[in-house]
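For reference, the chains in residue letters:
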Amino acid sequence: MKKLTVILLSLMASLFPAQLSAQELTVAEVENAIKADGKYAMLVRNAEHLQASVKTAAALIKDNPGLDFRIVVCGPIVKEVAGDAATRELMDRAKKEGVIILACGISMKKFNIAAADLPRTVQVTENGLLYIFGLQENGYKTITL
């Protein structure tokens, strides 16, 4: 019985240090873990998140020129990308700062938006969700807002 307890305790001790070390990371260490040549993508569905995503992506690319950052817009936000002057400007600024923006074709169809209605800087993917899955298969870190 004592031998079994020692084995169990040894096994538990070998598992817990990894968890403890991850919990000991500081906020700065986590935020600075971005890879200089990393591949990141966000699926965004509203204007506030789009603005924050572009701002974050631009800052990361400025600090890490080898970074690949893509933002896919899905849902009602495609209407703003097509028609809102401030959002169109944001798309142009994003492109200048190295951020790749794509619009979801399914959302575009739903809201009667043609590719010609979008800024030239915005690419179109037929299915934004499928595109995100493809990025994940190609090693991108992705989040949805």
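Everything below is about the structure printed above this text.
This is a predicted model, so every value here is computed, not measured.

A. Layout of the overall build of the protein chain. Each helix and strand in the protein chain was counted, giving seven helices and five strands. The secondary structure elements of the protein chain, listed N-terminal to C-terminal, are α-α-β-α-β-α-α-β-α-β-α-β. Split into buried and exposed, the 145 residues of the protein chain put 34% on the buried side. A separation of at least 24 residues holds for 71% of the contacts in the protein chain among residues at least 6 apart in sequence.

B. Layout of the packing of helix α3 (residues 47-63) against helix α5 (residues 85-96). Taken N-terminus to C-terminus, the directions of α3 and α5 make an angle of 20 degrees; their axes are 10 Å apart at the nearest point. Put simply, α3 runs roughly parallel to α5. Between α3 and α5 lies a crossing of left-handed hand. Contacts between α3 and α5 pair Leu50, Gln51 and Val54 from the former with Thr87, Leu90, Met91 and Ala94 from the latter. Across the contact of α3 with α5, the residue classes tally to five nonpolar, two polar and no charged.

C. Broad picture of the sheet that holds strand β4 (residues 122-125). Reading across from one edge, β4-β3-β2-β1-β5 is the order of the five strands in this open sheet, with parallel pairing throughout. The two strands at the open ends of the sheet, each matched to only one other strand, are β4 and β5 (141-144). When the angles between neighbouring strand axes are averaged without regard to direction, this sheet yields 25 degrees. Across six bridges, strand β1 (residues 39-44) lies against strand β2 (residues 68-73) in parallel orientation.

D. Geometry of the pairing of strand β3 (residues 100-104). β3 sits mainly inside the fold: four of its five residues count as buried. With four bridges connecting them, β2 and β3 associate as parallel partners. The partner of Val72 across the bridge, within β3, is Leu102. As for the winding sense of the linkage, the β-α-β connection from β3 through helix α6 (residues 105-110) to β4 is right-handed.

E. Highlighting the nonpolar core. Counting 27 residues, the largest nonpolar core has Leu50, Phe69 and Ile71 as its most contacted members. Listed by contribution, the elements that provide at least two residues to this core are β1, α3, β2, α4 (77-83), α5 and β3. Considering every element that reaches this core, the biggest residue donor is α3, with six residues. In contact with Ile71, other than residues within four places in its own chain, are Met42, Val44, Leu50, Ser53, Val54, Val99, Ile100, Ile101 and Leu102. Ranked by size, the runner-up nonpolar core spans 10 residues in total, among them Cys74, Leu102, Tyr131 and Tyr140.

The rules we used
Residues numbered from 1 in each chain as written. Predicted model: local features only at pLDDT ≥ 70, side-chain atom pairs only at ≥ 80, totals over all residues. Heavy atoms only, no water. Helix = DSSP H or I, 4+ residues; strand = E, 2+ residues; numbered from the N terminus. Buried < 20%, exposed > 50% of the residue type's maximum accessible area, 1.4 Å probe, protein only. Contact = heavy atoms within 4.5 Å. Axes fitted to C-alpha atoms, helices over the stretch in contact; angles between N-to-C directions. Parallel < 35°, antiparallel > 145°, perpendicular 65-115°, else oblique. Left-handed = near helix turned anticlockwise from the far one by under 90°. Nonpolar A, V, L, I, M, F, W, Y, C, P; charged D, E, K, R; others polar. Pairing = 2+ DSSP bridges. Right-handed = clockwise from strand over helix to strand, strands pointing away. Core = buried A, V, L, I, M, F, W, Y, C linked by side-chain atoms within 4.5 Å.

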